[in-house]
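# Residue-level structure breakdown
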Amino acid sequence: MKWVTRDGVKVDRVACPWLIKKFIDSQAEFIFVPAEQVAAKARELGATPFDIEGCELGHHGEDVSFNSILKKYALTDPALVLLGEVGRAADSHPSNPHPAGEGLRWVAFGFSALDLSDHDILQRECIVYDALYAECKRRATSAAKA
């Protein structure tokens with residue numbers, strides 16, 4: 001599958017490719033273009049647009065694109081749901097933000113300050129999401145036992 005979104009990746013445009021590669025399509029290809037080109041590029045390539053205004057896999061209410069992908073693909077793993085809460089807090093301004101969101105926002109903006117390409121940021125920052133997911137699994141397991 002091909003996926004297309006806005007260039008200049010930060011929180012959701014790194015979290016979503018991580019989620020897609022880990023849980024939906026390990027061979028997914030990601031294309032980053034200026035925002036005004038996403039719809040046309042998606043049609044041209046037969047790609048799925050995400051994290052762009054007005055698309056199915058975008059922001060809806062307090063949900064960010066990561067949450068939209070969880071819902072569309074019926075991913076209900078409690079650790080992924082928790083990671084979605086952290087990402088939502090980092091990427092938007094929900095009414096009840098998860099406290100870890102601010103740290104994730106700092107990491108995302110730090111990566112963007114390194115003057116790397118979107119693909120380089122995605123490659124390097126995915127380890128951050130691997131670690132966050134591991135911690136979310138640990139916390140979700142602890143909560144289930146309590």
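Scroll up to find the structure this text is about.
Residues numbered from 1 in each chain as written. Predicted model: local features only at pLDDT ≥ 70, side-chain atom pairs only at ≥ 80, totals over all residues. Heavy atoms only, no water.

As a further point, take unusual backbone geometry. Even without glycine at this site, Asp51 takes up a positive phi of about 50°. Positionally, Asp51 belongs in the loop between strand S3 (48-49) and helix H3 (65-72). One non-glycine residue, Asp115, lies in positive phi territory at about 60°. Position of Asp115 relative to the elements: it lies in the loop between helix H5 (101-112) and helix H6 (118-145). (Helix = DSSP H or I, 4+ residues; strand = E, 2+ residues; numbered from the N terminus.)

Considering all chains together, one arrives at zero disulfides under this definition. Sulfur of Cys55: no disulfide; nearest cysteine sulfur belongs to Cys16 and is 9.2 Å away. Of the cysteine sulfurs around Cys126, a residue in no disulfide, the closest is that of Cys16, at 11 Å. Among the residues examined, Cys126 registers a relative accessible area of 17% and is labelled buried. (Disulfide = S-S within 2.5 Å. Buried < 20%, exposed > 50% of the residue type's maximum accessible area, 1.4 Å probe, protein only.)

Let us now look at the pairing of strand S2 (residues 29-33). Taking burial as the measure, the five residues of S2 include four buried ones, the bulk of the element. The sheet contact formed by strand S1 (residues 2-6) and S2 spans five bridges and is parallel. Counterpart to Val4 in the pairing with S2 is Ile31. Regarding topology, helix H1 (residues 12-23) serves as the crossover connection from S1 to the parallel S2, and that connection is right-handed. (Pairing = 2+ DSSP bridges. Right-handed = clockwise from strand over helix to strand, strands pointing away.)

Turning next to the pairing of S1. Sheet topology note: the S1/S3 ladder contains two bridges and is parallel. From the neighbouring strand, Val4 faces S3, where its bridge partner is Pro49.

Turning our eyes to something else, we now look at the packing of aromatic side chains. Summed over all chains, the structure comprises seven aromatic pairs. Ring plane angle 75° and centroid distance 6.2 Å describe the contact between Trp3 and Phe50, whose orientation is recorded as edge-to-face. With a gap of 47 residues between them, Trp3 in strand S1 and Phe50 in the loop between S3 and H3 connect regions that are remote in the sequence. Like Trp3, the residue Phe50 is buried in the burial classification. Consider the rings of Trp18 and Tyr129, whose centres lie 6.2 Å apart with planes at 35°: the pair is tilted. Placement of the pair is Trp18 in helix H1 and Tyr129 in helix H6, with a sequence separation of 111 residues. Residue Tyr129 is classed as buried on the basis of its relative accessible area of 1%. Within the aromatic cluster, the residues linked to one another by ring pairs are Trp3, Phe30, Phe50 and Tyr73. Geometry around Tyr73 places Lys72 over its ring, the cationic atom sitting 5.9 Å from the centre. (Phe/Tyr/Trp six-rings, centres within 6.5 Å; stacked < 30°, edge-to-face > 60°. Lys NZ or Arg CZ within 6 Å of the ring centre and 35° of its normal.)

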